[in-house]
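# Structural features, examined
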Amino acid sequence: MVSLQQPMPACDLLMLPGSKNVRHDLKELKDNGWAEQINKHLRYGGRVMGICGGLQMLGEQVHDPDGIEDTAGSETGLGLLPLTTTLMQKKTLSYFNGRLNSTSFSVEENTPFNGYEIHCGESTHTKKMEPLAADANGNPEGCISDDGNIIATYVHGLFDNASTANALLKWAGLDST
């Protein structure tokens, strides 16, 4: 864990976690120079993973028209993924049971992708993107950037499954051989 007042340390993987107030935390992140640091991290081959609020921050816009988390308004995202999020009154509470996208993510075909979703946001892609995972019915979840250096998901608890954790860490550059 690194506070926003600290410079980003050298790392292979930067994880942007969830947030109780996405717009506020996104603004704080930008006000403390982290947008530039994240872009530099990516330019030098680093990987970024956004989970829940982190997914929302990686997009183009976060809208809160009803003041769900704070005062009503919008905040420009980091612009690293082509998606827009609108915070909604109804909270999503669900379990996701699926598989990682083996084609785009270069993992074994049956690598599980299971966890829970708990969020107020609804994100829509502003252009077609490869999903990070899909459930048994083919419903997509999350996304992978065109260059493969950014992944994002609404699913929490992914690192609880050893094969999922290993696949994600391999993607991030960990060579377990």
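Scroll up a little and you will see the structure.
The text that follows walks through the structure, step by step, so that each part is easy to find. One numbering rule holds for all chains: residues counted from 1, following each sequence as written. A pLDDT threshold of at least 70 governs which residues receive local features in this predicted model, and a stricter bar of 80 or more applies before side-chain atom pairs are shown or counted, although totals over entire chains, interfaces and linings include all residues. Calculated side-chain values reflect all of the structure's heavy atoms, with hydrogen atoms and water omitted.

Attention shifts here to the pattern of salt bridges. Each reported salt bridge corresponds to a side-chain nitrogen of Lys or Arg within 4 Å of a carboxyl oxygen of Asp or Glu. Summed over the entire model, instances satisfying the criterion amount to 4 salt bridges. Taking the shortest distance from any N to any O, the salt bridge between Asp64 and Arg23 comes out at 3.9 Å. Of the two residues, Asp64 sits in strand E3 (residues 61-64) while Arg23 sits in helix H1 (residues 22-31), which places them 41 residues apart along the sequence. Its relative accessible area of 1% is what places Asp64 among the buried residues. Note on conventions: DSSP H or I runs of at least 4 residues are helices, E runs of at least 2 residues are strands, and numbering of each starts at the N terminus. Three exposure classes are used, based on accessible area relative to the maximum for each residue type with a 1.4 Å probe and protein chains only: buried under 20%, partly exposed in between, and exposed over 50%.

Another point: helix H5 (residues 162-171). Inspection of H5 places Thr164, Ala165, Ala167, Leu168 and Trp171 among the buried residues, and these make up the whole buried set. The buried side chains of H5 occupy one side of the element, clustering within an arc of 160° when seen end-on. For H5, the exposed residues set more than 90 degrees away from the buried face come down to Ala162, Asn166 and Lys170. Phi turns positive, to about 115°, at Gly173, one or two residues after H5. Arc definition: directions from the helix axis to the C-beta atoms.

This brings us to the nonpolar core. Among the buried residues, those of types Ala, Val, Leu, Ile, Met, Phe, Trp, Tyr and Cys that are joined through side-chain atoms within 4.5 Å form a nonpolar core. Ile38, Leu58, Leu78, Leu81 and Phe113 are the most contacted members of the largest nonpolar core, which totals 42 residues. Throughout, a contact is declared for two residues whenever any of their heavy atoms are within 4.5 Å. Residues contacting Leu58, with those up to four places away along its chain left out, are Leu16, Val48, Gly50, Leu78, Gly79, Leu80, Leu81, Ile150, Ile151 and Ala152.

With mixed pairing, the 4 strands of this open sheet are ordered in space as E1-E2-E10-E9. Of all the strands in the sheet, just strand E1 (13-16) and strand E9 (143-144) have a single pairing partner and so form its edges. At least two DSSP bridges between two strands are needed for those strands to be called paired. Sheet topology places E1 next to strand E2 (residues 47-51); 4 bridges connect them, and they run parallel. Directly across from Met15, in E2, lies its bridge partner Met49. Note on method: axes are straight lines fitted to C-alpha atoms, helices fitted across the in-contact stretch only, with angles between N-to-C directions ranging 0 to 180 degrees. Along the sheet, helix H2 (residues 34-43) makes contact with E1, E2 and strand E10 (150-153), crossing E1 at roughly 140°.

This part takes up a nonpolar patch on the surface. Exposure above 30% relative accessible area and no salt bridge define the residues that can form patches, which grow by joining like charges within 9 Å and nonpolar side chains of Val, Leu, Ile, Met, Phe, Trp and Tyr within 5 Å. Residue exposure ignores everything except the shown protein chains as possible cover, and the areas themselves are Shrake-Rupley values with a 1.4 Å probe. Residues Met15, Phe159, Leu169 and Leu174 make up a contiguous nonpolar surface patch of about 320 Å² in total accessible area. Counting through the fold element by element, Leu174 comes out in the segment after H5.

So, on to the packing of aromatic side chains. We call Phe, Tyr and Trp rings a pair once their centres come within 6.5 Å, taking the six-membered ring for Trp, and we label the pair stacked below 30 degrees between planes, edge-to-face above 60, and tilted otherwise. Across all of its chains, the model carries 1 aromatic pair by this definition. Ring centres of Phe96 and Phe113 lie 5.9 Å apart, and the angle between their planes is 85°; this geometry places the pair in the edge-to-face category. With a gap of 17 residues between them, Phe96 in strand E5 (residues 83-100) and Phe113 in strand E6 (residues 112-125) connect regions that are remote in the sequence.

This paragraph deals with the environment of Tyr154. Of note, Tyr154 is situated in the loop between E10 and H5. On the basis of relative accessibility, which here comes to 8%, the residue Tyr154 falls in the buried class. As a C-alpha pair, Tyr154 and Gly53 span 101 residues in sequence and 7.8 Å in three-dimensional space. When residues no more than four places from it in sequence are discounted, the contact partners of Tyr154 are Cys52, Leu55, Gln56, Thr85, Tyr116, Glu117, His119, Gly121, Glu122, Ser123 and Glu141. N or O atoms closer than or at 3.5 Å make up a polar contact, with two conditions inside protein: a donor-capable atom paired with an acceptor-capable one, and, for residues adjacent in sequence, both atoms drawn from side chains. Polar contacts involving the side chain of Tyr154 include one to the side chain of Gln56, which spans 2.9 Å.

These figures come from the coordinates and say nothing about function on their own.
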